[in-house]
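Residue-level listing of the chains:
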Amino acid sequence: MAIGDLALGQEQGVSTELDATRRVVNDFSIQVATVNGSGSQSANSVLLKSIFGMGVPVSGKNLFPSNIAGLPTWYTIRASKDGYVARKKFIDLLVAMNPETAKDDILALPSHGVAVYDESLNLKQYRDDVVCYPVPFDKITAAVCPEAKLRKLVRNMVYVGVMAELLQIDMNCVEAALKKQFAKKQKALDLNFGAVKAGAAYFAEKLTKQDPFYIEHMNATAGKIIIDGNAAAALGAVFAGVTVVAWYPITPSTSVVEATIEYLKKYRVTEDGKATFAVVQAEDELAAIGMVLGAGWAGARSMTATSGPGISLMAEFSGLGYFAEIPGVIFDVQRTGPSTGMPTRTSQADLLSTAFLSHGDTKQVILLPGSVKECFEFGYKAFDLAERLQTPVFVLSDLDLGMNNWMSEPFVYPETPIDRGKVLTAEDLNRLGGFARYEDVDGDAIGYRTLPGTDHPKAAYFTRGSGHNAKAGYTEKPDEYVEVMERLSRKFDTARTMVPPPVVERNSGAKIGVIAYGTSHFAIAESLDEIKQNYDLEIDYLRVRAYPFNEEVHDFVAAHERVYVVEQDRDAQLASLLKLDLPAEQVTKLRSILHYNGLPIDAQSVTDELVAKESL
């Protein structure tokens, strides 16, 4: 089996046979198979944005290897008139640009699928039930690009032209997408648009369309944007007022910090050119979170971004932040593990370890965005929560959400003022006469704090990661330790009322429920529509958006006979957290649907398993 099979998870011998005589409009998926490092990213982006420009809902997913260059990579584009953006299990149209995987890529196509490929590959020899369009890519590229060193890059734009003509994409939309891709680079724009037009001309003159697939104008993308989750999270952090970023590069979170840096340079520099922020690339993730907590203790809004291996290294300092009650924000863009795992594949397998990150009795607050819009919103809400709760707050995205392009409604400018939580000023201390750092004054289990430099003799206190009492004094007395730990547990209950509530979709009389979080949402929404249409079965759905869970989650489980927990990990981590949180009599209602092969979950897999478990 070739790498392509492993990467795309295509079941050999399984066919979703198409009626070749039926016109299929704005409802199919495209797979572009290339070599990592060949410059195909720009061409894929142009093709995606051209379809988006036609007003057709679209999503793109990059499946790439974890080396720098040379191994196969795939980019999938899904056009869906109904607005579905989850990965489709099967591909309808293939653009085979990589000789190493071409045979296996075409064998994975369903009957009456479409293959565009370099004519030298002669892929028609392997399938007689697939529409084949051989194209002399090298010959076309040489004619439009005199510079040999640029041909590898320009060659990819030829297939954009071929696909535009094949699918009848408006060339004005292609040109607009090219202008966005090559803004202020007129020479590059002209060269690449020439390649696009040459590819389109070849198809129009030399080939005859024999497939049912078309793109037609819609009006379903008006006012929408395309952005990846990492950039959205970075923008949210800047809106939150982040001023200190400490990090160590790791796939797939690096672009969170890279985007944050670009936004900070643009919006956080004074008129005389002085930066009002600090970005430090630390020697490792342990040092990075240490810097974040140091800055948070000093009063700055601080953050880091990492993935699973970095989360593991951050355990000790996470415990310090929890026990000493120091704010900070940690973005975790999840990838597969254990250990190095598959660094460029997606997963939701950090949930359980992050919830209890550190030794001893520790419970961390976690936000779970399910869209790029929520990456932005939680990107700034996390900082308010961290300071209100005086604790580290983790934002768990994943590679699929973080590194892929998603269509979204425009982000809404946050109108609520920044909430720094319970911070005492010198004037407050004059009025109060002093304070006890870890005392529960208001009944919400959150103490008051001062910031270093507060000009008052009563402002100082010890920040302790060792045993301490309500007045921040050192202690090993059992009753004083228990008092602090019980207050921290009550503070976690307070967090239940502050974190984003779940999103619930109820149908009257439904006996079955589904619970999920994050990017699993897109596959589930599509799957539940399929089940309703094909089996006339109504199913309620709850999308968790934070841990700790609030009462709505408990009520949802209590209201149903069976609840399927859908997640992208092997060990049913969300279900495990729910079982720890729910009353014992509710636990037996939970069932698991698991997807953990590294690929984004698809609707068909959810439907098949749920239908089988329900014996429909």
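So, about the overall build of the protein. For the protein, the helix and strand inventory stands at 22 helices and 22 strands. Rg of the C-alpha trace for the protein: 27 Å, near the compact-globule value of 25 Å for 616 residues, within the 12% margin. When the backbone C-alpha atoms are referred to their principal axes, the protein occupies close to 85 × 65 × 40 Å. Considering the protein as a whole, with its 616 residues, one finds that 57% of them fall into the buried category. At a minimum sequence separation of 6, the contacts of the protein that also span at least 24 residues come to 77%. Carbon and sulfur atoms make up 51% of the accessible area of the protein, which amounts to about 25,300 Å² in all. Each charge class in the protein can be summarised by its mean position, and for the 61 positive and 78 negative side chains these summaries are 4 Å apart.

A few words on the sheet that holds strand 18 (residues 512-517). Read from one edge of the open sheet, five strands run 17-19-18-21-22, paired in mixed fashion. Every interior strand has two partners, whereas the edge strands, strand 17 (503-505) and strand 22 (590-594), have only one. For this sheet the average axis-to-axis angle between neighbouring strands, irrespective of direction, equals 20°. Of the pairings in the sheet, the one linking strand 18 to strand 19 (residues 540-544) comprises five bridges and is parallel in character. By the bridge assignment, Tyr517 is partnered in strand 19 with Val544. Packed on one face of the sheet, helix 20 (residues 573-581) meets strand 18, strand 21 (562-567) and strand 22 and runs near 135° to strand 21.

In the segment running from Thr251 into Pro252, the intervening peptide bond is cis, with an omega of 5°. Of note, the amide linkage connecting Tyr547 to Pro548 takes the cis form, showing an omega dihedral of 15°. Along the chain, Pro548 falls in the loop between strand 20 (546-547) and helix 19 (551-558). In this model, Asn122 sits at a positive phi of 50°, which is unusual for a non-glycine residue. On the secondary structure map, Asn122 appears in the loop between strand 6 (114-118) and strand 7 (131-135). Residues other than glycine seldom take positive phi values, yet Ala572 does so here, at roughly 55°.

Of the residues in the protein, 96% reach a pLDDT of 70 or more, and the chain-wide mean stands at 94. For the stretch residues 1-16, pLDDT sits under 50, and the model shows 39 contacts to residues farther than four places along the chain or on other chains.

As a further point, take the packing of aromatic side chains. The full count for this structure, using the stated rule, is 10 aromatic pairs. Through successive ring pairs, a cluster of aromatic residues spans Phe239, Phe376, Tyr380, Phe411 and Tyr413. Sitting over the ring of Tyr214, Arg23 keeps its end group 3.7 Å from the ring centre. The residue whose ring lies beneath Arg464 is Phe462, and the NZ or CZ to ring-centre distance is 4.7 Å.

Glancing now at the packing of helix 8 (residues 229-240) against helix 9 (residues 254-267). Packing of helix 8 against helix 9 leaves a shortest axis separation of 8 Å and a crossing angle of 45°. On the basis of the axis angle, helix 8 is oblique to helix 9. Between helix 8 and helix 9 lies a crossing whose hand is right-handed. On helix 9, the residues touching Asn230, Ala231, Ala234, Leu235 and Val238 of helix 8 are Ser255, Val256, Ala259, Thr260, Tyr263 and Leu264.

A few words now on the nonpolar core. The biggest cluster of nonpolar side chains holds 98 residues, and the ones touching the most others in it are Met303, Leu367, Val514, Ile515 and Leu578. Membership of the second largest hydrophobic core comes to 54 residues, among which are Ala43, Val114, Val131 and Met163.

Taken across its six residues, strand 18 has six buried, putting it largely inside the fold. Alternating positions in strand 18 separate into two faces, Ile512, Val514 and Ala516 on one and Gly513, Ile515 and Tyr517 on the other, with burial throughout. Sheet topology places strand 18 next to strand 21; four bridges connect them, and they run parallel. Across the sheet, the residue bridging to Ile512 is Arg562, located in strand 21.

Relative to the elements of secondary structure, Met54 occurs in the loop between helix 2 (40-53) and strand 3 (58-63). With relative accessibility at 2%, the residue Met54 sits in the buried group. As a C-alpha pair, Met54 and Gln586 span 532 residues in sequence and 48 Å in three-dimensional space. If we ignore the near neighbours within four places in the chain, the residues touching Met54 are Gln168, Ile169, Asp170, Cys173, Ile215, Glu216, His217 and Met218.

Right, let's get into the sheet that holds strand 6. Across a sheet, paired strands are connected by hydrogen bonds in the backbone, their directions being either parallel or antiparallel. Pairing in this open sheet of six strands is mixed, and the strands run 3-4-2-5-6-7 from one edge to the other. The open sheet has two edge strands, strand 3 and strand 7, and neither has a second partner. The sheet shows a mean angle of 15° between the axes of neighbouring strands, direction not considered. Most of the contacts of helix 2 go to strand 4 (residues 72-80), to which it runs at about 5°, and overall it touches strand 2 (27-35), strand 3 and strand 4.

Take the pattern of salt bridges next. The tally for this structure, following the rule as stated, stands at 33 salt bridges. Where Asp211 meets Lys209, a salt bridge forms, and the shortest distance between an N and an O atom there is 2.7 Å. Since its relative accessible area comes to 23%, Lys209 is described here as partly exposed. Of the charged contacts in the structure, one is a salt bridge between Lys532 and Glu538, with a shortest N-O distance of 3.5 Å. Look at Glu538 and you get partly exposed, because its relative accessible area is 31%.

About the criteria used
Residues numbered from 1 in each chain as written. Predicted model: local features only at pLDDT ≥ 70, side-chain atom pairs only at ≥ 80, totals over all residues. Heavy atoms only, no water. Helix = DSSP H or I, 4+ residues; strand = E, 2+ residues; numbered from the N terminus. Rg over C-alpha atoms; globule rule 2.2 N^0.38 Å. Buried < 20%, exposed > 50% of the residue type's maximum accessible area, 1.4 Å probe, protein only. Contact = heavy atoms within 4.5 Å. Areas by Shrake-Rupley, 256 points an atom, 1.4 Å probe, with all protein chains shown as cover. Lys, Arg positive; Asp, Glu negative; His and termini not counted. Charge placed at Lys NZ, Arg CZ, Asp CG, Glu CD. Pairing = 2+ DSSP bridges. Axes fitted to C-alpha atoms, helices over the stretch in contact; angles between N-to-C directions. pLDDT = per-residue confidence, 0-100. Phe/Tyr/Trp six-rings, centres within 6.5 Å; stacked < 30°, edge-to-face > 60°. Lys NZ or Arg CZ within 6 Å of the ring centre and 35° of its normal. Parallel < 35°, antiparallel > 145°, perpendicular 65-115°, else oblique. Left-handed = near helix turned anticlockwise from the far one by under 90°. Core = buried A, V, L, I, M, F, W, Y, C linked by side-chain atoms within 4.5 Å. Salt bridge = Lys/Arg side-chain N within 4 Å of Asp/Glu carboxyl O.

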